[in-house]
Amino acid sequence: MQYSQKVIEHFTNPHNVGEIENADGVGEAGNDKCGDIMKMYLKIENNIIKDVKFKTFGCASAIATSSIATDLIKGKSVEDAVKLTNKAVIDALDGLPAIKVHCSVLAEEAVKAALADYYKRQGIDPAPLLESFE
Ligand code: FES
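The paragraphs below set out a description of the structure included in this document. (Residues numbered from 1 in each chain as written. Predicted model: local features only at pLDDT ≥ 70, side-chain atom pairs only at ≥ 80, totals over all residues. Heavy atoms only, no water.)

## Structural notes on the packing of aromatic side chains
Moving on, step 1. As enumerated under the stated definition, the model contains one aromatic pair in all.
Moving on, step 2. Summarising the aromatic geometry, the rings of Y118 and Y119 are spaced 6.1 Å apart at their centres and angled 50° between planes, so their arrangement reads as tilted. Neither residue differs from the other here; Y118 and Y119 are each classed as buried. (Phe/Tyr/Trp six-rings, centres within 6.5 Å; stacked < 30°, edge-to-face > 60°. Buried < 20%, exposed > 50% of the residue type's maximum accessible area, 1.4 Å probe, protein only.)

## Notes on the sheet that holds strand β3 (residues 48-57)
Moving on, step 1. The antiparallel open sheet is built from three strands, whose spatial order is β1-β2-β3. Unpaired on one side and paired on the other, β1 (25-30) and β3 mark the two borders of the sheet. The sheet shows a mean angle of 15° between the axes of neighbouring strands, taken without regard to direction.
Moving on, step 2. Packing of helix α2 (residues 60-73) onto the sheet brings it into contact with β2 (37-45) and β3, and relative to β3 it is tilted by some 175°.
Moving on, step 3. In the packing of helix α5 (residues 101-121) onto the sheet, contacts are made with β1, β2 and β3, and the angle to β1 comes to roughly 150°. (Pairing = 2+ DSSP bridges. Helix = DSSP H or I, 4+ residues; strand = E, 2+ residues; numbered from the N terminus. Axes fitted to C-alpha atoms, helices over the stretch in contact; angles between N-to-C directions. Contact = heavy atoms within 4.5 Å.)

## Some remarks on the nonpolar core
Moving on, step 1. Counting residues in each nonpolar core, the largest one holds 34 residues, and the members touching the most others are M40, L42, I49, I73 and L115.
Moving on, step 2. If you list the elements that add at least two residues to this core, you get β2, β3, α2, α3 (78-82), α4 (86-92) and α5.
Moving on, step 3. Looking at which element gives the most residues to this core, the answer is α5, with nine residues. (Core = buried A, V, L, I, M, F, W, Y, C linked by side-chain atoms within 4.5 Å.)

## Things to note about the environment of V17
Moving on, step 1. Mapped onto the elements, V17 comes out in the loop between α1 (5-12) and β1.
Moving on, step 2. Residues V17 and T70 lie 53 residues apart in sequence; the distance between their C-alpha atoms is 9.2 Å.
Moving on, step 3. Apart from residues lying up to four places away in sequence, V17 is in contact with K53 and F54.

## A look at the pattern of salt bridges
Moving on, step 1. A full pass over the atoms with the stated rule returns nine salt bridges.
Moving on, step 2. As a salt-bridge pair, E19 and K55 come within 2.5 Å of each other at their nearest N and O atoms. In this pair, E19 is assigned in the loop between α1 and β1 and K55 in strand β3, connecting sequence segments 36 residues apart.
Moving on, step 3. Under the relative-accessibility criterion, E19 is labelled partly exposed at 47%.
Moving on, step 4. Three or more residues are tied together by salt bridges with common partners; here these are D51, K53 and K74. (Salt bridge = Lys/Arg side-chain N within 4 Å of Asp/Glu carboxyl O.)

## Topic: α2
Moving on, step 1. The terminal C-alpha atoms of α2 lie 20 Å apart, and with 14 residues this matches the ideal 20 Å at 1.5 Å per residue to within 8%.
Moving on, step 2. Within α2, 11 of the 14 residues are buried, leaving the element largely enclosed by the surrounding structure.
Moving on, step 3. Of the residues making up α2, those classed as buried are S61, A62, I63, A64, T65, S66, S67, I68, A69, T70 and I73.
Moving on, step 4. Once α2 finishes, G75 follows within two positions and takes phi at roughly 85°, a positive value. (Expected span 1.5 Å × (residues − 1).)

In structure tokens:
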């Protein structure tokens with residue numbers, strides 16, 4: 001299995017690791033087959049993702065995809081962050097081995113779960129958002 005240099009970099013030196021106290025949105029995603037779990041915390045001000053942190057109990061690709069996903073949504077509007085796809089995550093990492101593609105899906109799902117939580121707290125139905133990755 002061949003990992004890109006970006007995957008190795010983000011695994012060995014992941015960005016935005018940790019938790020955010022009093023986060024505005026928290027989401028979790030897991031994969032039953034491998035047992036990996038990702039948790040995302042969002043700080044949102046004026047509709048902008050001011051801060052994002054993650055905790056991932058998972059494989060090297062799960063750590064790398066979490067890390068790059070936080071980079072991709074930080075500073076973006078909520079509407080832009082919702083559009084994050086696992087393909088964008090893979091592209092930003094210069095590719096993932098086929099057997100590791102599901103790790104990038106976990107990153108997309110964790111970000112969207114955190115955004116759904118944010119929407120719920122605002123009294124907005126996140127169902128249309130959730131449908132996009134069910
Ligand atoms: Fe399952 Fe990577 S092996 S998330």
